[in-house]
Amino acid sequence: MLESFRKNDRLQLIIGLFIGIIFGFLLQKGGVTRYEVIVGQLLLADFTVLKVMASAVITGMIGVHLLRSLRLVKLHPKPGSVGSSALGGLIFGVGFALLGYCPGTIAGAVGQGSVDALLGGFCGVLLGAGIFAELYPRLEEKVLRRGEFGDKTIPEILGVSSWLVVIPAALIMIGLLLWIEELGL
Amino acid sequence: MLEYLEMDLWSPYLVGAGIGILEVLAFLLSDKPIGCSTAYSRTSGMMERAVFGPGVREKAYYRKFEPVVDWEVMLVAGIVLGSFLSATLSGTFRLEAVPPLWAARFGLDPLTRLAAAFAGGVLLGLGARWAGGCTSGHGISGTLQLAASSWLAVACFFVGGVAAAMILFGAGV
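Please read these numbers as outputs of a predicted model, since none were measured by experiment.

Caption draft 1: Broad picture of the overall build of chain B. Secondary structure summary: chain B contains nine helices and zero strands in total. The dimensions of chain B, computed from C-alpha atoms along their principal axes, are 45 × 40 × 35 Å. The buried share of chain B, taken over its 173 residues, is 56%. Taking as baseline every contact in chain B between residues at least 6 positions apart, the subset at least 24 positions apart corresponds to 52%.

As structure tokens, then:
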């Protein structure tokens, strides 16, 4: 039944929209669609972004791995390499600081009336994605495969059951959040 | 209930837990992690196709990510709507071209801000596709699956972001 549900293309578009609406609502209520909050995080002055991300990861990690243990969902880890994940990540970071939004929160910023997000950032992201599509064949050949390590997860690399990583990772992230609160950040 | 929806801000932990539950729903109902950046590739491809014709579909990258409206494009459209709904309910919807923190450092000229936002957007779009994901696809969805690629990418997002922000605003601000 779940399978036919997932294969119904029209229904899936509606689910995508529905999940997006709740996602956008939460991002705006969390304050992370605001320039000040994102740049404040990058200046290490406001830790709202980290608090939102870490609690999402803790909750989602436990939930997704529970459903996976029940054989209801499959993981979809992305492949990576030094040339792709690290270099692309650094380019992303510089854009993140200059723009003050990311690809998800910029859509949220547009929804709350941030004109710089709509006229500047949104158009820029579309152009940047287009430039990548243009450069892709050459980058794929020369850069993206440098230091390839595939779509492995940390438990696979360590050769242990995923729960042996999920539980310590959740505890470490909870500890980090408690420490940030303790410091009054 | 309505009072709660009209609040300006919720606890970041509550918001985060909500996003985590949303991820579980996305895996369960759609067999997909939440991600945003391929939506921009597809949209960019659709715009290119409208201008240059159907040959654009033959580009290697668009054979991988077909330029059509898919689940993720709908998700990004949903984010705009959801945020608009939240901002309207709390009465914080406001047209603003220059964020105050930017103005305090670089002045009130909207064109300077738009130019910087555009340049930042280009790097963001390029970097997200280069790394194969963004703050949601790698930063939340990938890390919660404990994917090695995502933990490396998210570390680099913040290393690059913190360094660039410190330089832009003068270190130690």
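Here the narrative resumes, following the displayed structure.
Caption draft 2: Region of interest: the environment of Thr-92 of chain B. Considering the arrangement of structural elements, one finds Thr-92 of chain B in the loop between α5 (71–90) and α6 (100–106). Aside from chain neighbours lying at most four places away, what touches Thr-92 of chain B is Gln-112 of chain A together with Asp-8 and Ala-87 of chain B.

Caption draft 3: Expanded view of the packing of helix α6 (residues 103–111) of chain A against helix α7 (residues 115–142) of chain A. All names here are of chain A. At their nearest, the axes of α6 and α7 sit 10 Å apart, and the two run at 150° to each other. As summarised for this structure, α6 and α7 are arranged roughly antiparallel, according to the angle between their axes. With respect to the hand of their crossing, α6 and α7 are arranged in left-handed fashion. Residue-level contacts link Pro-103, Ile-106, Ala-109 and Val-110 of α6 to Ala-117, Leu-118, Gly-121, Phe-122 and Val-125 of α7.

Caption draft 4: Layout of the interface of chain B and chain A. Between chain B and chain A, the contact holds 113 residues from the first and 108 residues from the second. Classifying every residue of the side of chain B that touches chain A by side-chain character gives 73 nonpolar, 31 polar and nine charged.

Caption draft 5: Broad picture of α7 of chain A. The end-to-end C-alpha distance of α7 of chain A is 38 Å, a good match for the 40 Å that 28 residues give at a rise of 1.5 Å each. Along its length, α7 of chain A reaches its greatest deviation from straightness, about 60°, at Tyr-136 of chain A, and the proline Pro-137 of chain A lies no more than four positions downstream.

Caption draft 6: Layout of the packing of α7 of chain A against helix α3 (residues 37–52) of chain B. It is at 8 Å that the axes of α7 of chain A and α3 of chain B come closest, and there the two elements cross at 80°. One element, α7 of chain A, and the other, α3 of chain B, form an angle in the roughly perpendicular class. Only Tyr-40, Ser-41, Thr-43, Ser-44, Gly-45, Met-47 and Glu-48 of chain B of α3 of chain B make contact with α7 of chain A, whose side of the interface consists of Val-125, Leu-126, Ala-129, Gly-130 and Ala-133 of chain A. Here the contact of α7 of chain A with α3 of chain B is composed, by residue class, of six nonpolar, five polar and one charged.

Caption draft 7: The arrangement of the nonpolar core in detail. By size, the foremost hydrophobic cluster in this structure holds 104 residues, and its most contacted members are Phe-23 and Ile-106 of chain A together with Leu-75 of chain B. Top contributing element to this core by residue count: helix α7 (residues 110–131) of chain B, with eleven residues. Contacts of Leu-75 of chain B, omitting those with residues within four sequence positions, involve Gly-16, Ile-19, Gly-20 and Phe-23 of chain A together with Ile-34, Cys-36 and Ala-39 of chain B.

Caption draft 8: Spatial organisation of helix α8 (residues 137–144) of chain B. Counting buried positions along α8 of chain B gives eight out of eight residues, so the element sits mostly inside the fold. Looking at the buried positions of α8 of chain B, the neighbouring elements they touch are α4 (48–69) of chain A together with α2 (12–30), α3, α7 and α9 (148–169) of chain B. A positive backbone phi angle near 60° is found at Leu-146 of chain B, which sits one or two residues after α8 of chain B.

Caption draft 9: Layout of unusual backbone geometry. All names here are of chain A. Notably, Leu-44 is not glycine yet its phi reads approximately 60°, a positive angle. Tracing the sequence through the fold places Leu-44 in the loop between α3 (35–42) and α4. C-beta crowding within 10 Å serves as the criterion here: with 15 such atoms nearby, Leu-44 is assigned to the partly exposed category. One non-glycine residue, Arg-71, lies in the positive phi region at around 60°. Structurally, Arg-71 can be placed in the loop between α4 and β1 (80–81).

Conventions we followed
Residues numbered from 1 in each chain as written. Chains lettered and ligands numbered in written order. Predicted model: local features only at pLDDT ≥ 70, side-chain atom pairs only at ≥ 80, totals over all residues. Helix = DSSP H or I, 4+ residues; strand = E, 2+ residues; numbered from the N terminus. Buried ≥ 20, exposed ≤ 12 C-beta atoms within 10 Å, placed from the backbone. Contact = placed C-beta atoms within 7 Å. Axes fitted to C-alpha atoms, helices over the stretch in contact; angles between N-to-C directions. Parallel < 35°, antiparallel > 145°, perpendicular 65-115°, else oblique. Left-handed = near helix turned anticlockwise from the far one by under 90°. Nonpolar A, V, L, I, M, F, W, Y, C, P; charged D, E, K, R; others polar. Expected span 1.5 Å × (residues − 1). Bend = angle between axes of the 7 residues up to and from the residue. Core = buried A, V, L, I, M, F, W, Y, C linked by C-beta atoms within 7 Å.

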